[in-house]
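Okay, here's what each chain looks like letter by letter:
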Amino acid sequence: MAYWLYKSEPSSWSWDEQVAAGAAGTEWTGVRNYQARNFMRTMQVGERGFFYHSNEGKAVVGVVEVIAAAHPDSSADDPRWECVDLKAVAPLPRAVTLDEIKAEPRLKDMVLVNNSRLSVQPVAEAEFAVICTLAGWDPASA
């Protein structure tokens, strides 16, 4: 299983809004970066990722799951842009800030640390485990 990180400004789409979308989830629209789009094209239903509040908060706040593979982005006029659908899995008991992530030696190679502008990015399995531990969340619980 691959793991991911999805960035969103809370003023545009927040964790609370993702939770409110319920089991039906929502499209992860608006991505206009080819690398991020290409990552979404590789995603499989059931893969999990972190929901990250960017700009305001700068922290991993929850876990989401891919519920629909890549398909045309309904917010785009251009068919080159695609998205996946996500549903909220669980809030993290404790948000893990960007500063904490940057200070953790085991996360020094994380894409978030080295390419903070990319809105959709892969997370290595070991990185996923470290952040879950820092957050006090057991992935087996959900």
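In case you missed it, the structure is sitting above this.
Residues numbered from 1 in each chain as written. Predicted model: local features only at pLDDT ≥ 70, side-chain atom pairs only at ≥ 80, totals over all residues. Heavy atoms only, no water.

**Re the overall build of the chain**
In terms of regular secondary structure, the chain is built from five helices and six strands. Along the chain direction, N to C, the helices and strands of the chain fall in the order β-α-β-α-β-β-β-α-α-β-α. For the chain, the C-alpha radius of gyration of 14 Å lies close to 14 Å, the compact-globule estimate for 142 residues. In terms of principal-axis extent, the alpha carbons of the chain reach across some 40 × 30 × 30 Å. Counting only residues that meet the buried cut, the chain has 44% of its 142 residues in that class. Excluding contacts between residues fewer than 6 apart, the proportion of contacts in the chain whose partners are at least 24 apart in sequence is 68%. Counting only carbon and sulfur atoms, one obtains 50% of the accessible surface of the chain, whose full area is about 6,900 Å². Computing the positive centroid from 13 side-chain charges and the negative centroid from 19, the chain places the two 5 Å apart. (Helix = DSSP H or I, 4+ residues; strand = E, 2+ residues; numbered from the N terminus. Rg over C-alpha atoms; globule rule 2.2 N^0.38 Å. Buried < 20%, exposed > 50% of the residue type's maximum accessible area, 1.4 Å probe, protein only. Contact = heavy atoms within 4.5 Å. Areas by Shrake-Rupley, 256 points an atom, 1.4 Å probe, with all protein chains shown as cover. Lys, Arg positive; Asp, Glu negative; His and termini not counted. Charge placed at Lys NZ, Arg CZ, Asp CG, Glu CD.)

**Some words on helix α2 (residues 34-42)**
Spacing of three or four residues puts side chains on the same side of an α-helix, whose turn is 3.6 residues. Listed as buried for α2 are A36, R37, F39 and M40. Down the axis of α2, the sector holding all buried residues measures 155 degrees, keeping them to one side. Elements that come into contact with the buried residues of α2 comprise β1 (3-8), β4 (59-72), β5 (82-97) and β6 (120-123). The N-capping residue of α2, defined by a side-chain oxygen 2.9 Å from the backbone nitrogen of Q35, is N33. (Arc of directions from axis to C-beta. Polar contact = N/O pair within 3.5 Å; in protein donor to acceptor, adjacent residues only side chain to side chain.)

**Thoughts on unusual backbone geometry**
Its identity is not glycine, yet N55 carries a phi of approximately 60 degrees, on the positive side. With respect to the helices, strands and loops of the structure, N55 is situated in the loop between β3 (48-53) and β4.

**Here we look at the packing of aromatic side chains**
Per the stated rule, a full pass over the model turns up seven aromatic pairs. Relative to F39, the ring of W4 has its centre 5.9 Å away and its plane inclined at 50 degrees; by these criteria the two rings are tilted. Here W4 is found in strand β1, whereas its partner F39 is found in helix α2, with 35 residues between them in sequence. Both rings, one in W28 and one in F51, keep their centres 5.6 Å apart while their planes meet at 85 degrees; by these two values the pair is edge-to-face. A residue pair is termed long-range when its members are at least 10 positions apart, and W28 in the loop between β2 (26-27) and α2 and F51 in strand β3 qualify at 23 residues. The class for W28 is buried, based on a relative accessible area of 6%. (Phe/Tyr/Trp six-rings, centres within 6.5 Å; stacked < 30°, edge-to-face > 60°.)

**Some details on the pairing of β5**
Where β2 meets β5, two bridges bridge the pair, whose relative direction is antiparallel. Within β5, the position partnered with E27 by the bridge is D85. (Pairing = 2+ DSSP bridges.)

**Concerning the nonpolar core**
Counting 21 residues, the largest nonpolar core has L5, F50, V60, I101, M110 and I131 as the members making the most contacts within it. Among the elements of the structure, β1, β3, β4, β5, α3 (98-103) and α5 (125-135) are those that each provide at least two residues to this core. Per-element tally for this core: the top contributor is α5, with five residues. In contact with I101, not counting residues within four places along its chain, are V60, V96, L107, M110, L112, V113 and I131. (Core = buried A, V, L, I, M, F, W, Y, C linked by side-chain atoms within 4.5 Å.)

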